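As a plain string of letters, each chain reads:
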Amino acid sequence: ARRAVMRAAIAELLALLAVALSASEREALFASVPANGAVLAPYLVPQNPGLGPNPFATMHGDSWLSDTTNYVAPTTNTSTIQRLIHVEGQCYTSAFNRAGDRLVLLCHTIPVLDCFQESSACSLTTGTKLVLVDRSTDVACWNNPSCQTFTVLDSVPLNGTGRAAGIYFYIDQDDNAVVANLAALEWYPVGSDTTSLERALSYDLSSYMVNGDDMITSAFPAWDGLVWFESNAGVVGTINLGTSAVKSWVPDGVASDQSCPGVNCPTGIVKGFSIDSSGVYVITNSKLIKFTSGADGMPAPAWSLAYDRGSAAFTCDDPGCGSARGEPTGMKPGMQSWGSGTSPKLFGANHDLVAIANNADERIAITVVTRSTGDVVCQLPVFPTNASATTTSFVGHLDSLYAVNDFGMVPGAGGSGAPGFVRVDVVAGQCVPAWNHADTTNTGCLKLSTFTGLVYNNVATPSALSSALAEAGSIVVEPLIGVACTAAVAPIIDAMAGLIVDRVTADKIADAVCSVCTDFLSRATCLACKTVVKAALPRVADHAGEAVCGVIEREVSGLEVDGSVIGRLFVDNYVLARDARSGALAYKYALNNGRIGELDGWTFFVSNQIGPAGELYVGTFNGMKVLNDPTAGPHVNE
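Residues numbered from 1 in each chain as written. Predicted model: local features only at pLDDT ≥ 70, side-chain atom pairs only at ≥ 80, totals over all residues. Heavy atoms only, no water.

Some thoughts on the sheet that holds strand β18 (residues 299-306)
A sheet is described by the order of its strands in space; here four strands give the open sequence β15-β16-β17-β18, paired in antiparallel fashion. Of all strands in the sheet, those with a lone pairing partner are β15 (274-276) and β18, marking the two edges. Going across the sheet, the axis of each strand differs from the next one's by a mean of 20 degrees, ignoring polarity. Summarising the sheet, strand β16 (residues 279-283) and strand β17 (residues 287-293) pair through four bridges and their orientation is antiparallel. Bridge pairing in β17 links Tyr281 to Lys290. (Pairing = 2+ DSSP bridges. Helix = DSSP H or I, 4+ residues; strand = E, 2+ residues; numbered from the N terminus. Axes fitted to C-alpha atoms, helices over the stretch in contact; angles between N-to-C directions.)

Here we look at empty space enclosed by the protein
With a probe scaled to a water molecule rolled over the atoms, the places where space remains empty come into view. Summed over all chains, the structure comprises seven cavities of 30 Å³ or more. Considered as a void within the structure, the largest cavity measures approximately 130 Å³ in volume. In terms of lining, the largest cavity is formed by Thr58, Met59, His60, Leu65, Tyr168, Phe169, Tyr170, Ser218, Ala219, Phe220, Gly272 and Phe273. Contributing elements (two or more residues each) for the lining of the largest cavity: β7 (169-171) and β11 (216-221). For the lining of the largest cavity, the element with the most residues is β11, which contributes three residues. Here the lining of the largest cavity is composed, by residue class, of eight nonpolar, four polar and no charged. (1 Å grid on protein atoms, 1.4 Å probe; cavity = no way out; pocket = protein on both sides within 12 Å on 5 of 7 lines; lining within 4 Å. Points joined across faces, edges and corners; volume = space filled by probe spheres on them. Nonpolar A, V, L, I, M, F, W, Y, C, P; charged D, E, K, R; others polar.)

Observations regarding the state of the cysteines
One pass over the structure, following the stated rule, counts five disulfides. Shown here is the disulfide that connects Cys141 with Cys147, its sulfur atoms set 1.9 Å apart. Sign of the S-S torsion, about -100 degrees for the bond between Cys141 and Cys147, identifies this disulfide as left-handed. When its relative accessible area of 5% is taken as the criterion, Cys141 is described as buried. (Disulfide = S-S within 2.5 Å. Buried < 20%, exposed > 50% of the residue type's maximum accessible area, 1.4 Å probe, protein only.)

Points about the pattern of salt bridges
Throughout the structure, instances matching the rule amount to nine salt bridges. For Arg423, the salt bridge identified is with Asp425, shortest N-O distance 2.7 Å. You can call Arg423 buried: its relative accessible area is 0%. Judged by its relative accessible area of 0%, Asp425 falls in the buried class. The shortest N-O distance in the salt bridge between Asp579 and Arg581 comes to 2.9 Å. Through salt bridges with shared partners, a single ionic network connects Asp67, Lys345 and Lys447. (Salt bridge = Lys/Arg side-chain N within 4 Å of Asp/Glu carboxyl O.)

As for the side chain of Arg135
With respect to the helices and strands, Arg135 occurs in strand β5 (residues 127-135). Within the structure, Arg135 has its side chain in polar contact with the side chain of Glu615 (distance 2.8 Å). Excluding anything up to four places from it in sequence, Arg135 contacts Phe96, Gly100, Asp101, Arg102, Leu103, Trp142, Thr149, Phe150, Pro612, Ala613, Glu615 and Tyr617. (Polar contact = N/O pair within 3.5 Å; in protein donor to acceptor, adjacent residues only side chain to side chain. Contact = heavy atoms within 4.5 Å.)

Considering the sheet that holds strand β25 (residues 395-397)
Spatial ordering of the open sheet is given by β25-β26-β27-β28, a layout of four strands whose pairing is antiparallel. The open sheet has two edge strands with one neighbour each: β25 and β28 (430-437). Between one strand and the next, the sheet's axes are offset by a mean angle of 20 degrees, whatever the strand orientation. For strand β26 (residues 400-404) and strand β27 (residues 421-427), the ladder comprises five bridges, and the chain directions are antiparallel.

Digging into the pairing of strand β2 (residues 81-86)
Alternating residues of β2 divide into Ile81, Arg83 and Ile85, all buried, and Gln82, Leu84 and His86, none buried. Taken together, the six bridges between β2 and strand β37 (residues 623-628) define a ladder with antiparallel strand orientation. The residue bridging Ile85 from the neighbouring strand is Met624, located in β37.

Quick notes on the confidence of the model for the protein chain
Per-residue confidence for the protein chain gives a mean pLDDT of 82, with 72% of residues at or over 70. Per-residue pLDDT stays below 50 along residues 516-521; that stretch engages in 20 contacts with residues further than four places along the chain or on separate chains. (pLDDT = per-residue confidence, 0-100.)

Brief notes about unusual backbone geometry
Cis geometry is adopted by the peptide bond preceding Pro55, which originates at Asn54 and carries an omega value of 0 degrees. Here the bond from Cys260 into Pro261 is cis, since omega is 10 degrees, no more than 30 degrees from zero. Its place among the elements puts Pro261 in the loop between β14 (245-249) and β15. One non-glycine residue with positive phi stands out, namely Asp175, at about 60 degrees. Structurally, Asp175 is set in the loop between β7 and β8 (176-181). Even without glycine at this site, Ser244 takes up a positive phi of about 65 degrees. As for its position among the elements, Ser244 is in the loop between β13 (236-240) and β14. A relative accessible area of 43% means that Ser244 is categorised as partly exposed.

Section: the environment of Leu226
Take Leu226: it is sitting in the loop between β11 and β12 (227-231). On the basis of relative accessibility, which here comes to 8%, the residue Leu226 falls in the buried class. Sequence-wise, Leu226 and Ala245 are 19 residues apart; in three dimensions their C-alpha atoms are separated by 9.9 Å. Once residues lying within four places of it in the same chain are set aside, the contact partners of Leu226 are Phe220, Pro221, Thr238, Ile239, Asn240, Ser293 and Gly297.

Remarks on the nonpolar core
Membership of the largest hydrophobic core comes to 45 residues, with the highest contact counts inside it found for Leu130, Leu185, Leu205 and Phe229. With four residues, the single largest contributor to this core is β8. In contact with Phe229, other than residues within four places in its own chain, are Leu205, Met209, Ile216, Ser218, Ala219, Val235, Val236, Gly237, Thr238, Ile239, Val246 and Phe273. Residues Tyr307, Ile356, Leu401 and Val426 belong to the second largest nonpolar core, which totals 32 residues. (Core = buried A, V, L, I, M, F, W, Y, C linked by side-chain atoms within 4.5 Å.)

Here you go:
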């Protein structure tokens, strides 16, 4: 242990020396500024021929997952126009078709919680849905706050329930949204004339999964036309769309590992993968692997790098732990699994580097390796000791990386992680810290605009309401259940007038009313909640909705929740942008608007995207918030 600490200290000392000795080299990365008003030189990621145009066809912009765009983005707080695409769901991911007139969203529905919003219908089950939105391409409309720039056209429910469900999809070169649905991969046309989502193609890949619990994490097209996919348990495969041939690689020992595809599975995959013309880069819970394919499409590892995934220092109590709940785990608070929280980031001025974060116990390390051989170039520990983790993909720009700390964040339940927002440069074979700020990130997907020179993040700070809830300690559940019941359960009961509330129906209603407790209550209290709800339902002779809810409110009046946990839902959320060169604060925009009844702007698990008009998309609880700045553009750095 002492040697490990000493090695880490020496690495940091060398990095500091590199800063002193190589400042001019580091700043030269940003010195080549174009004469078109842009701040930074354009970042030209090679266009994947199977993907829609960079940087609009994926969550991360391109197949390098660079999260860097050459388009303008908001810069002036006072002139920013704010819009909301209301889709009754928590939207994680967005992408655009080739013409930019169709926006596609991938969103989650959250049972009962959306019943608190007056403009939302109530969903009774957690689910994922693909949403098609008409997007205006009229610049004058974008610059007019009263002009309607979006119209929701259609949505289709998906069945994904895995830890990566509802996050990854892409739009291909033919304007099809390609999305995972359990163990199937599905194609939905989203061209300019599309007004509804109709499935055009589907590949059932269930026979290639490790077991019945395994499902597809993500998929991506390669330069040679193959479509690659990966599964929660660690399967990596290819689809030849011309011949319909499917080939797959299965990690050794996974079939007999009872932890797979759960959070502790060492071969598990919960993050997306990146692709360049030479291969596919996959991050599992224990290794970074580069794959290539043979003439028949069979995936094969070109190299593999085991990284420090940390020790089982925690007890798995996250709502997503599933069968591993209560077991020892190395999944830190705020993470999605016991392993790296970052997708492989392809970057480098010479197009030669790939970076991940490991999951070391005390401090995670940004780890940079060569794409060709997998040899480690450098490592740098980041963020505070014993409060260091990230589930947010880096931004990659030339030889620089930008990263945030997510330790302690609760995915899906709001709040922020431990402080930390850093830029790290690769200089002369060393990972060099360039700047570091104590921003508290509310998860998300960082975006860098080379035109504005700003890197955009989402942060959360305590509000008066969240602080009051935390100080209150235990909070009685009765009002919470009462409001949810009135909105969600009463209409159902009324529609069932004259029917017998049997055990199966009572179970479904109880799950709907109390599903929120898996995030906010202890396991024992959650079971108690369901028990009293199920007991209350059959005792109402006339099945009137209000009467049922009255019984439920009386029965659950003794249940309580931890105010500090509930308070996470009501923090103040901001878009925060820092100057990529200096780290100076350059833009901060409040999202909440103080509208508690609509949860308007509360960002539980967000994904930033920058659109063709320079608009910034921020996933929020009830849809997608869109910010555009008429004074900034539209402009593109070419």
